[in-house]
Each structure stands twice: as C-alpha cells, then as structure tokens.
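A look at the structure
What follows is each chain in one-letter form.
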Amino acid sequence: MNTFKVSVQETSNNTIIKFELNQFITKHQSFEFNNIDEAKPSPLAQQLFYLPFVKKVYISGNFVAVERYDIVEWNDVQDEVAEQIEAYLNDGGIVIEESAAVAKKIPVTVYAESTPNPSAMKFVTNKKIVTTLFEFTSIDEAKLSPLATELFHFPFVKSVFIDENYVSITKYDIAEWQDITIQIREFIKNYIENGKDVVLADAAETLQKTTKQLDNHFETLDDTSKDIINILEEYVKPAVASDGGNIQFISYDENTKNVSVMLQGACSGCPSSTYTLKSGIENMLKEMLPGKVNMVEAING
C-alpha cells in the first residue's frame, strides 16, 4: 500500500491550516465537524478534537483542514499535528465510516470547455480528482486509472489526460464534439459523484510521479536543466493547463544547447503547438537564459 505523506499548507485565514496528503482520503466528498460529538462519523476527526486547541475539522479529497482556538499558534503545533495525522493513516486508521460516506453525497458539477486543439475537449469539475497529472494514450496504458479505462470504451476516445480538476479528452475524427460532449460530460459527472476511483492509490508512485520522486529526480539534473524546469513551471505550464494540456521537460543537451519537451493532453497534436513552441517557449528560454538555449524541440505525448 502507498505510504501516506502529509505536507503543511498555510491558508488565507491564519487560524486554519491545511494538512495536504499525497493521496485521497474521501471519495470526492466533504465533511465538516464543529465538535467531537458531530465528529462521530469520523474517527480521524474525533482524534483531532482531543487536542485542546482544535476548534473545527474539515475533511475533503486529499486534505484535512483544522481551525484552531487562539490558545496556540500554528507554528508551535502544526508539525506535531501533521505527524499525528500521518501516523494515524499509515496505521490503517479510519477517516470516515462507510455508512456516513454513503449518506453524504456531494453534488458534482462538470462543464465542457473547448481548447485550441479542435480534436480535444476539456471537462472541468468542481472537485480535485487527482494529486498529479496523468496521460493515457491507449486502454493498455490506462490500467492504473479506472476512469480512463472506462472512457476508452467509447470508440471515439483517442487519449485521456487527467489533471488536478479536469479531464482532457482527445477524440478520433469519426465523431463530432456537438454529438458526444453531453454524453461524456454526464458520464464523468456520474462517475465522480458515485465516488469511484479516478486513479489507483499507487498510480503516482508506480509512474514515478510522487512529489518526493520528482524532487529526487530534479536534484540529479544540471543547473541549466533546473532553470529550464523552473521557467516552464512558472511561466508556461499555467497557460497550457488552462488549454487542457501540459508541457513536460525531457532533456537538455549542453553541447548542442537543444531542449526537448513533451506535449501532453490537448497540446499533443494541436495545430498551434509549433507556433507556441517557436514564438513563445523557445524565445522565452533564449531571453531568460542567454547563450544557453539554441532550439526547443517537442514530441507529442
């Protein structure tokens, strides 16, 4: 079983801290508890209420948010709380009792959004559905994702790209979006609403995509490669994510000064991707890393 890891995330409210996990602990449901009596459906929340400074516990998706009373500051106790949550989950502790989870069904909304790639459509949800991005180009590749596997049963689905709160689908030309969009949107909505697994719990670890694995790989790279990744993360990825895709650094050749990247999701095979690479990403890297980048070449995911 994949080990739970907890990271502490500040919020805009200094009395509330989010303890974010590397995997989901609820089936796309949200629970709020104001005291230990209300928290009977959640053994985890009840345990947290034994801490005298805990005022409110909120559990949703892949995080636990805790509001404190003013008798302490989070800086003094947040690491201990994170360790307590991590230990509890890794010991097999129950987050929400099954009966409570069934009784509380949170509405899910999904809307379709067009992308610059006419063959790709982005289906955005009001729930966080994965903790890292995944791309599957065939039903064989999709074994780690029950959702992607089911989507490939539609004959017009060519590839599936899943990011934090959306699914980007690329279709074959046998179907038009106007004929299939509602069908896919309703399918994804019902799938998430019923609490089914989007990806398997160990999917990120199996594909070397956990935060720890990615950080370890990053540390093995040369300084220029690190700079390129940081630039892509800050200036490029947010824009391509809004279009339902992703750009992933592959390699940097110090001798030729060529950069290789992979285009994923809606960006893969997009007619405007070449223009984006040359006039956008390549020029940006040349300007921000003078003398270090000669050319950016891409492969489709």
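Our structure is the block above this text.
Being a predicted model, the structure only gives us computed values, none of them experimental.

Definitions and limits used
For every chain, the first residue of the written sequence is number 1, and numbering continues from 1 along that sequence. A pLDDT threshold of at least 70 governs which residues receive local features in this predicted model, and a stricter bar of 80 or more applies before side-chain atom pairs are shown or counted, although totals over entire chains, interfaces and linings include all residues. To obtain the side-chain values, all non-hydrogen atoms of the structure were used and water was disregarded. Only DSSP runs of H or I covering at least 4 residues are called helices, and only runs of E covering at least 2 are called strands; the numbering of each starts at the N terminus. Classification of residues uses two cut-offs on accessible area relative to the type maximum, computed with a 1.4 Å probe and protein chains only: under 20% is buried, over 50% is exposed, and between them is partly exposed. Should any heavy atoms of two residues lie within 4.5 Å, those residues are considered in contact. Salt bridges are defined by distance alone: a side-chain nitrogen of Lys or Arg within 4 Å of a carboxyl oxygen of Asp or Glu. Exposure above 30% relative accessible area and the absence of a salt bridge qualify a residue for a patch, where like charges join within 9 Å and nonpolar side chains (Val, Leu, Ile, Met, Phe, Trp, Tyr) within 5 Å. All accessibility values rest on the Shrake-Rupley procedure with a 1.4 Å probe; residue burial counts only the protein chains present in the view. Residues counted as positive are Lys and Arg, residues counted as negative are Asp and Glu, and His and the chain ends are not counted. Note on charges: their place is set at NZ of Lys, CZ of Arg, CG of Asp or CD of Glu. Counting of polar contacts relies on pairs of N or O atoms within 3.5 Å, with two restrictions inside protein: one atom must be capable of donating a hydrogen and the other of accepting it, and residues adjacent in sequence are counted only when both atoms are side-chain atoms.

Secondary-structure assignment places E67 in strand β5 (residues 63-68). Owing to a relative accessible area of 16%, E67 belongs among the buried residues under this scheme. Sequence-distant contacts of E67, that is, excluding residues within four places in its chain, are made with T15, I16, F53, V54, K55, K56 and W74.

Before going further, it helps to examine the pattern of salt bridges. Tallied over the full model, the rule gives 10 salt bridges. Residue E67 pairs with K55 through a salt bridge whose shortest N-O separation is 3.8 Å. Note that E67 is positioned in strand β5 and K55 in strand β4 (residues 54-60), a separation of 12 residues in sequence. On the basis of relative accessibility, which here comes to 34%, the residue K55 falls in the partly exposed class. The partner of K237 in a salt bridge is E233, with the nearest N and O atoms 3.0 Å apart. Of this pair, K237 and E233 both sit in helix α8 (residues 223-242), 4 residues apart, which is roughly one turn of that helix. Overall, the relative accessible area of 18% leaves K237 in the buried class. Members of the salt-bridge network, linked through shared partners, are R68, D70 and E73.

Let's shift gears to a negative patch on the surface. The grouping of D222, D223, D227, D253 and E254 at the surface amounts to a negative patch. Considering the arrangement of structural elements, one finds D223 in helix α8.

In this section: the environment of S30. Along the polypeptide, S30 turns up in strand β3 (residues 30-33). Its relative accessible area of 11% is what places S30 among the buried residues. Separated by 30 residues in sequence, S30 and S60 place their C-alpha atoms 4.3 Å apart. Reaching out from S30, the side chain makes a polar contact with the side chain of S60 at a distance of 2.8 Å.

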